[in-house]
Amino acid sequence: MTTQHRIPVWVKALDPLSQFGLVHALRQRPEVALISDADLAALQQGQSVDDYQRTAPPVVALVAVDSLDAGAVQVLRAAAQRGCRRTVLIGSTIDDDALMTAVELGVSGVLRRSEATADRIVHLLRAAAAGDGSLPPDLLGRLLGQVSRMQRHVLAPRGLSHTGLSDRETQVLRLVADGKDTQEIARELSYSERTVKNVLHDVTSRLQLRNRSHAVAYALREGLI
């Protein structure tokens, strides 16, 4: 692997021993280029620290914690604020609340500390750099369960869905995707044409889209409809 293809990784552990261990393990890996605090600050200011960073993937933060307490949440938020566009989390204890918090904070990969071998860490770093997510199967099942419960008990009573679109907005976009015009949509859904136009206007404005075709393309691409 050539230098310019190495993954820039910023390591942050809440205890010195874990910090030393992770840095030592990753320093031996040709897939990884470790980023110091000074390097990260320079990158945040738009400066090139080294040649590989001009063509490298986004900087990935590797954060190791015992539990997702207030200190860990602060580190995750700081990583994003300092320019780390991807985050992999290693934790000793990951309960359902911590899992939802991690996802809400943009964590794309989660690994238990007991399973954190160098190979598995590098696998998650590569997936994160490529824009992919990775969770242990049982954690993924728990996350889906959380989303399902949120949909049933929080969003559905308010006419919302986890996609960020209301049921009415989803129905209208699906019919637009089927090629129906405003009059046909209004007739099929028993809405006024003005209501259909308002729904489409709300969606395009909220998602900063150009027109109804752009809204449909966005919704399809993001799996919203």
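Quick note: structure is the one above.
Here's what I pulled together on the structure shown here.

Definitions and cut-offs
Residues numbered from 1 in each chain as written. Predicted model: local features only at pLDDT ≥ 70, side-chain atom pairs only at ≥ 80, totals over all residues. Heavy atoms only, no water. Axes fitted to C-alpha atoms, helices over the stretch in contact; angles between N-to-C directions. Helix = DSSP H or I, 4+ residues; strand = E, 2+ residues; numbered from the N terminus. Parallel < 35°, antiparallel > 145°, perpendicular 65-115°, else oblique. Contact = heavy atoms within 4.5 Å. Nonpolar A, V, L, I, M, F, W, Y, C, P; charged D, E, K, R; others polar. Phe/Tyr/Trp six-rings, centres within 6.5 Å; stacked < 30°, edge-to-face > 60°. Lys NZ or Arg CZ within 6 Å of the ring centre and 35° of its normal. Expected span 1.5 Å × (residues − 1). Buried < 20%, exposed > 50% of the residue type's maximum accessible area, 1.4 Å probe, protein only. Arc of directions from axis to C-beta. Polar contact = N/O pair within 3.5 Å; in protein donor to acceptor, adjacent residues only side chain to side chain. Pairing = 2+ DSSP bridges.

Remarks on the packing of helix α7 (residues 167–177) against helix α9 (residues 193–206)
It is at 10 Å that the axes of α7 and α9 come closest, and there the two elements cross at 100 degrees. With respect to α9, the element α7 is oriented roughly perpendicular. When α7 is examined against α9, the residues Arg168, Glu169, Val172, Leu173 and Val176 are found in contact with a partner set consisting of Thr195, Val196, Val199, Leu200, Asp202, Val203 and Arg206. Along the lines of polarity and charge, the residues of the contact of α7 with α9 split into 7 nonpolar, 1 polar and 4 charged.

A short note on the packing of aromatic side chains
To describe a pair of aromatic rings, one takes the distance between the centres and the angle between the planes. Scanning all chains against the criterion turns up 0 aromatic pairs. Positioned above the aromatic ring of tyrosine 191 is the side chain of arginine 168, whose terminal nitrogen or guanidinium carbon lies 5.8 Å from the ring centre.

Considerations on helix α3 (residues 70–81)
With 12 residues, α3 extends 16 Å from end C-alpha to end C-alpha; this agrees with the ideal 16 Å at 1.5 Å per step. Those residues of α3 that sit buried are Ala72, Val73, Val75, Leu76 and Ala79. Within α3, the buried residues cover an arc of 160 degrees as seen down the axis, which keeps them to one side. Facing away from the buried surface of α3 by more than 90 degrees, the exposed residues are Ala70, Gln74 and Gln81. Looking at the buried residues of α3, the elements they touch are β1 (7–13), β3 (60–65), β4 (86–91) and α4 (96–104). Where α3 begins, the side chain of aspartate 69 points an oxygen toward the backbone nitrogen of glycine 71, at a separation of 3.2 Å. Residue glycine 83 follows α3 closely and has a positive phi angle near 105 degrees.

Side note on the sheet that holds β3
The pairing of strands in a sheet comes from backbone hydrogen bonds and takes either a parallel or an antiparallel form. Strand order in the open sheet formed by 5 strands is β2-β1-β3-β4-β5, with parallel pairing between adjacent strands. The open sheet has two edge strands, β2 (32–35) and β5 (109–112), and neither has a second partner. Strand-to-strand, the axes of this sheet are offset by a mean angle of 25 degrees, without reference to chain direction. Where β1 lies against β3, 5 bridges are found, and the strand directions are parallel. The residue of β3 that forms the bridge with valine 11 is leucine 62. Taken strand by strand, helix α1 (residues 16–27) contacts β1, β2, β3 and β4, and its axis lies near 160 degrees from that of β1.

That is the geometry; function is a separate question.
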